[in-house]
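# Reading the structure
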Amino acid sequence: MLSAEQYIESLRDVKYKVYLFGELVDNPVDHPIIRPSINAVAKSYELAGEKQHEELMTVKSSLTGKRINRFTHLHQGCEDLINKIKMQRLLGQKTAACFQRCVGFDAFNAVDSVTCEMDHELGTDYHKRFRDFLLQVQEKDLVVDGAMTDPKGDRSLRPHQQADPDLYLRVVDKRSNGIVVRGAKAHQTGALSSHEILVMPTVAMGEEDADYAVSFAVPSDSPGITYIYGRQSCDTRKLEEGTMDVGNCRYGGHECLVVFEDLFVPHERVFMCGEYSFTAALVERFAAYHRQSYGGCKVGVGDVLIGAAALAAEYNGAAKASHVRDKIIEMLHLNETLFACGLACSGQGAPTASGTYLVDMLLANVCKQNVTRFPYEIARLAEDIAGGLMVTMPSEKDFRHPLVGPLLEKYLKGVGDVPTEHRLRVLRLIENLTLGAAAVGYRTESLHGAGSPQAQRIMIQRQGNLEEKKKLARIIAGIEKE
Ligand code: SF4
Ligand code: FE
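Residues numbered from 1 in each chain as written. Chains lettered and ligands numbered in written order. Predicted model: local features only at pLDDT ≥ 70, side-chain atom pairs only at ≥ 80, totals over all residues. Heavy atoms only, no water.

### Side note on the nonpolar core
For the record, the criterion: Here, the term nonpolar core denotes a set of buried Ala, Val, Leu, Ile, Met, Phe, Trp, Tyr and Cys residues that are joined through side-chain atoms within 4.5 Å. Type-normalised accessible area, obtained with a 1.4 Å probe on protein chains alone, sets the label of each residue: buried when under 20%, exposed when over 50%, and partly exposed for intermediate values. Per the convention used, a helix needs a DSSP run of H or I reaching at least four residues, while a strand needs a run of E reaching at least two, with both numbered from the N terminus. Here the bounds of each domain stem from an automatic or database domain assignment. Contacts were defined at the residue level, with two residues in contact if any of their heavy atoms lie within 4.5 Å.
Grouped together as the largest cluster of nonpolar side chains are 76 residues, with contacts concentrated most on Leu198 and Phe216. Considering every element that reaches this core, the biggest residue donor is helix H5 (residues 102-122), with six residues. Two domains each provide a minimum of three residues to this core, namely domain 1 (4-280) and domain 2 (281-470). Aside from chain neighbours lying at most four places away, what touches Phe216 is Leu169, Val181, Ile197, Leu198, Val199, Phe260, Leu263, Val265, Arg269, Val270 and Phe271. Grouped together as the second largest cluster of nonpolar side chains are 58 residues, Met57, Ala308, Ala309 and Ala313 included.

### Side note on the coordination of the iron ion (ligand 2)
As a reminder, the rule being used: Note on donors: an N, O or S atom is included if it sits within 2.8 Å of the metal, or within 3.2 Å for Na, K and Ca, and water is never included, so sites can look incomplete.
At this site the iron ion (ligand 2) is bound by Tyr294 (OH) and Glu445 (OE), with donor distances of 2.3 to 2.5 Å. You can see Tyr294 sitting in helix H7 (residues 279-316) and its partner Glu445 sitting in helix H15 (residues 439-448), a full 151 residues away along the chain. With respect to class, Tyr294 is no different from Glu445; both count as buried.

### Considering the site of ligand 1
Threshold: Throughout this document, a residue counts as near a molecule or strand when at least one of its heavy atoms sits within 4 Å of that molecule or strand.
Around ligand 1 sit Cys98, Phe99, Gln100, Cys102, His290, Ser293, Tyr294, Cys297, Lys298 and Glu445, and that is every residue in its neighbourhood. Looking at which domains feed residues into the shell around ligand 1, each of domain 1 (4-280) and domain 2 (281-470) supplies at least three.

### So, the side chain of Thr226
How we decide: What qualifies as a polar contact is a pair of N or O atoms within 3.5 Å, subject to a donor-acceptor requirement within protein and to the restriction that residues adjacent in sequence count only when both atoms come from side chains.
The topology assignment puts Thr226 in strand E10 (residues 225-229). Owing to a relative accessible area of 8%, Thr226 belongs among the buried residues under this scheme. At 3.5 Å, the side chain of Thr226 forms a polar contact with the side chain of Lys17. Sequence-distant contacts of Thr226, that is, excluding residues within four places in its chain, are made with Lys17, Tyr19, Leu257, Val258, Val259 and Glu261.

Dropping the structure here:
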């Protein structure tokens, strides 16, 4: 396994073609806007090397028997699924950001079971290809970006009906040694923290969309891939001196639009090519795993936000007020409810044909549906407790200024024994989590990440077994015999 430093160094060898603020970035690893998100992924390596986190962060590989980072593992039981959630909560607590490595992790587990079933039914040989790829990932302790979401163009049209056929990623050429693909993946979490990218289809495809039923993995710097970095609220604060105004001193997350312009993929890296009847299973399973994930990562970030709100109350001298205490209790209750959902869908997991365990899909969708709501209420309560100063206070530069600095020190003071700087820092952290760069991960990503709320409602409807419930009612009401 790599250390955090080795991981960061390994990214220097990946020659990403990335644009940020209209310029090609020479050295993404040391770019002040990009680096915090690399630091967040590096935490998954750092904690794996610490004795006290060994059980959660590492596991014995089902493929080789060697100790590996859990983020490269295929779940072998419900305990693995539960440990995944606990690991994600831990990383959320340590980074207060999106640590990105889960998208690849969730993609491995989904592609593993679906390729196995595909081979069984169709006589293809995708599963072995995929396992060979995963072996390399485990051996080299790589980060892989799981890529699912296509731009989708006109949402009322199927992929092949789009005016521009590239709005869904597709196969444009088949050669003797591989395929050529064109298209894009949007909102790609962790694109520039990853060594490889693992592409999957974004919706269930029909026969006419067979060219769009494609899954493969390539190195992140393959010729033909361009990254365009997503802006975040308050992102240019990372270019300023000092650490106060960013709120989160070290960590962040990022997303990119990833464009594939006639990218060649050799056969051994292709895991689906035209088998449209298996696209639904792949999409649903990846989504279910990632909806499970949110019952871990968002809870960990929520822990930091609740802690920050409690500190803000203390620094303001309001911690003992009964309504403040009750608001903190409400935040705790909401956050732990999300954790309970993450644990529940893990504990109710079941094996697939490949031996890899899958979460309970209904409960995973219920988990994510709650994540589209509770973090907003937790954030609202944190803002309530923080007070208006969170959005009206001057900059760190003013705070350090020889003339106005002392005025801020005097007039922004809270309780006597707490340094004014501590009060301001905790308010900036709350700002970061609720309105700033990390709000991408804690709020908007809670809404749209792993699928927008409606996507979960469709799955809840499908998996909710309403007919069975109607039967129960008929029996109890005496309409039908048991
Ligand atoms: Fe992992 Fe959460 Fe980020 Fe998804 S949003 S990659 S689950 S930290
Ligand atoms: Fe996400």
